[in-house]
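So you can see what is in the structure, the chains are spelled out below.
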Amino acid sequence: MTTPDHVAGRAAAQAVDHPDHPHRHEPFQAGLIPAPEPVRFLDGEGNRVEPVTDDYVEPDADQLVECYRRMVVGRRFDIQATALTKQGRLAVYPSSRGQEACQVGSVLALGEQDWVFPTYRDSVALVSRGVDPVEVLTLLRGDQHCGYDVAQTHVAAQCTPLSTQLLHAAGLAHGEQRRGRDTVVMAFIGDGATSEGDFHEGLNFAAVFKVPAVFVVQNNGWAISVPLSKQTAAPSLAYKGIGYGVVCEQVDGNDAVAVLAVMNKAVAWARAGKGPVLLELHTTRLEAHTNADDHLRYRSKEELAAIAHEDAVARLEKYLRHQGLVDDAFVAEAKAEGERLAADLRERMNLDPETHPDDLFRHVYATLTPQLREQRAMLHAELDADADADADADAASESDSQAAHDPSTEDVR
């Protein structure tokens, strides 16, 4: 998973950009208005159904198979990260289990040059994107603010404050647009984040300047313990895009085929200079908000049992088996790949990180400000003073030890 095969997935993901694609230049459903119910290609048992709108083309076989492989590996990563938290190797971990189709399907539609702005819950998306799993977990272990090189990976630091990364995403998309670069920026948020002021500012700016951005709302129905009914009275969160002049759509986020179909078009739309897109993915959070949360205090066992049947991984596997695209051997190898990743993650997470005091300043700005240079000098002075004090103490201790064993200093009576 750390070195994924991008070729098949990326080529398939960008096929919708081709000028001859039948829906390449068509608007989204009814212009700005999303479909009256979430777009779905598969029912709960993995059977093909007719979507509520014909605006979207089913992804090709290569992209679907690649998506399934990454979802299987991503789920195993998530289970292992949860276990590491229980063992004390992580300070906190927000599980993505149940939201694999949203995260893998979204990033699979992007090109290598595109950017991702994730939340704290999007670790599976980052691993699927090719970021080293240990570097993904560095923030959650408490070692650094971000464990990977954002310029190299084109993945911004995982964001804990709600919606603040939408401003950064819109700004970067605008900058790339002004430079004439072929870049699409994808920003993830949860349902609770749509109630924040930064959500308004990010979407409004993006719409006014028609930036190439795709805003992805993973609506799992809960903002920690706050249900969706206390977040909004809108028919769906996708409708929030209308007020900004942003095309929007709602999708069954547990249907990987639908996620890919809509995401392919959204990325192509943004890349073609037609402006931003807001997508609401209806999904399920199978675990608690984080390991510090007891979701049984506000969720019934009946609800959890019901949503367990909406498993995105199992749904896609059933469909691919029906189509003859995967078999027992392929499924076994995907699971084995997940086990290899989990074993490697366990081994490397059991090693203590190597840190240096200068790491505090290394990735704050490209060029250190005068204030940070002053702070770094103060830190070095304090460390040097401590080192000198320790050296003096060691020398004094050694001198006392030698005096204690020198016969000439013995008290002869």
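Here the structure is a predicted model, which means the values were calculated and not measured.

1. Brief notes about the pattern of salt bridges
Two side chains carrying opposite charge are able to pair once their charged atoms lie near each other. Per the counting criterion, the structure on display carries 23 salt bridges. Glu 66 is the partner of Arg 70 in a salt bridge, and the nearest nitrogen-oxygen pair spans 2.7 Å. Taken together, the residues Arg 70 and Glu 66, both in helix α2 (residues 61-86) and 4 residues apart, mark about one turn of the helix. With a closest N to O distance of 2.6 Å, Arg 141 and Asp 143 form a salt bridge. For Arg 141, a relative accessible area of 16% corresponds to the buried category. By relative accessible area, Asp 143 is classed as partly exposed at 26%. Here the salt bridges do not stand alone but share partners, grouping Glu 66, Arg 69, Arg 70 and Glu 337 into one network.

2. Observations concerning the packing of α2 against helix α9 (residues 256-271)
Two numbers describe a pair of packed helices, the interaxial angle and the distance between the axes. Contact geometry for α2 and α9: axes closest at 11 Å, N-to-C directions at 120 degrees. Taken together, the axes of α2 and α9 lie oblique to each other. In the crossing of α2 with α9, the sense of the turn from one axis to the other is right-handed. Listed contacts from α9 to Gln 63, Leu 64, Cys 67 and Met 71 of α2 are Ala 256, Val 257, Leu 260 and Asn 264. Grouping the constituent residues of the contact of α2 with α9 by class yields 6 nonpolar, 2 polar and no charged.

3. As for the pairing of strand β6 (residues 247-252)
Of all 6 residues in β6, 6 are buried; the element is thus mostly enclosed. Side chains of β6 alternate between two faces, with Val 247, Glu 249 and Val 251 and Cys 248, Gln 250 and Asp 252 buried alike. As defined by bridge partners, β6 adjoins strand β7 (residues 277-282) across 6 bridges and the pair is classed as parallel. Its bridge partner lying in β7, Gln 250 is registered against Glu 280. Between β6 and its parallel partner β7, the chain crosses via α9, and the hand of that crossover is right-handed.

4. Notes on the nonpolar core
The biggest cluster of nonpolar side chains holds 70 residues, and the ones touching the most others in it are Met 71, Phe 77, Leu 137, Val 214 and Met 263. With 12 residues, α9 is the largest single contributor of residues to this core. Core analysis: the next-biggest nonpolar cluster, separate from the first, contains 25 residues, Leu 166, Val 211, Val 246 and Cys 248 among them.

5. Re the confidence of the model for the chain
In regions of low pLDDT, the predicted coordinates are not meant to be interpreted in detail. Model confidence for the chain is summarised by a mean pLDDT of 89, while 89% of its residues fall at 70 or above. The model gives residues 1-19 a pLDDT under 50, and that stretch makes 53 contacts with residues more than four places away or in other chains.

6. Looking at the environment of Ala 151
Within the element layout of this structure, Ala 151 appears in helix α6 (residues 150-153). Sequence separation between Ala 151 and Trp 115 is 36 residues, and the spatial gap between their C-alpha atoms is 9.5 Å.

7. Some details on the sheet that holds strand β3 (residues 213-219)
Taken in spatial order, the 5 strands line up as β1-β2-β3-β7-β6 in an open sheet, and their pairing is parallel. Strand pairing shows two members of the sheet lacking a second neighbour, β1 (115-117) and β6, which therefore form its edges. Strand-to-strand twist in this sheet, taken as the mean axis angle between neighbours without regard to direction, amounts to 20 degrees. Direction of pairing for strand β2 (residues 185-190) relative to β3: parallel, over a ladder of 6 bridges. Within β3, the position partnered with Ala 187 by the bridge is Phe 215. Lying on the sheet, helix α8 (residues 197-208) is in contact with β2, β3 and β7; it crosses β3 at an angle near 150 degrees.

8. Considerations on a negative patch on the surface
Together, Glu 382, Asp 384, Asp 386, Asp 388, Asp 390, Asp 392 and Asp 394 give the surface a local cluster of negative charge. Here Asp 394 is to be found in helix α14 (residues 370-404). Residue class for Asp 394 comes out exposed when judged on its relative accessible area of 54%.

9. Some points on helix α7 (residues 164-178)
Along an α-helix, residues three or four positions apart point the same way, because every turn accommodates 3.6 residues. Here α7 spans 22 Å end to end across 15 residues, near enough to the 21 Å set by a 1.5 Å rise per residue. Those residues of α7 that fall on the buried side of the exposure criterion are Gln 165, Leu 166, Ala 169, Ala 170, Ala 173, His 174, Gly 175 and Glu 176. Those residues of α7 that are buried are in contact with β1, β2, α8 and β3. Positioned one or two residues after α7, Gly 180 has a phi angle of 75 degrees, which is positive.

10. A look at α9
With 16 residues, α9 extends 22 Å between its outermost C-alpha atoms, agreeing within 8% with the 22 Å of an ideal straight helix rising 1.5 Å per residue. Buried residues dominate α9, accounting for 16 of its 16 residues. Where α9 begins, the capping side chain belongs to Asp 255, and its oxygen is found 3.0 Å from the backbone nitrogen of Val 257. Note on α9: the residue one or two positions beyond its end, Gly 273, has a positive phi of about 85 degrees.

11. Remarks on the side chain of Thr 194
Secondary-structure assignment places Thr 194 in the loop between β2 and α8. In this structure Thr 194 comes out as buried when scored by relative accessible area, which is 6%. Ignoring anything within four residues of it in the chain, the contact list for Thr 194 reads Ser 163, Ile 189, Phe 199, Val 217, Leu 237 and Lys 240.

How each quantity is defined
Residues numbered from 1 in each chain as written. Predicted model: local features only at pLDDT ≥ 70, side-chain atom pairs only at ≥ 80, totals over all residues. Heavy atoms only, no water. Salt bridge = Lys/Arg side-chain N within 4 Å of Asp/Glu carboxyl O. Helix = DSSP H or I, 4+ residues; strand = E, 2+ residues; numbered from the N terminus. Buried < 20%, exposed > 50% of the residue type's maximum accessible area, 1.4 Å probe, protein only. Axes fitted to C-alpha atoms, helices over the stretch in contact; angles between N-to-C directions. Parallel < 35°, antiparallel > 145°, perpendicular 65-115°, else oblique. Left-handed = near helix turned anticlockwise from the far one by under 90°. Contact = heavy atoms within 4.5 Å. Nonpolar A, V, L, I, M, F, W, Y, C, P; charged D, E, K, R; others polar. Pairing = 2+ DSSP bridges. Right-handed = clockwise from strand over helix to strand, strands pointing away. Core = buried A, V, L, I, M, F, W, Y, C linked by side-chain atoms within 4.5 Å. pLDDT = per-residue confidence, 0-100. Patch = residues over 30% accessible without salt bridge, like charges linked within 9 Å, V, L, I, M, F, W, Y side chains within 5 Å. Areas by Shrake-Rupley, 256 points an atom, 1.4 Å probe, with all protein chains shown as cover. Lys, Arg positive; Asp, Glu negative; His and termini not counted. Charge placed at Lys NZ, Arg CZ, Asp CG, Glu CD. Expected span 1.5 Å × (residues − 1). Polar contact = N/O pair within 3.5 Å; in protein donor to acceptor, adjacent residues only side chain to side chain.

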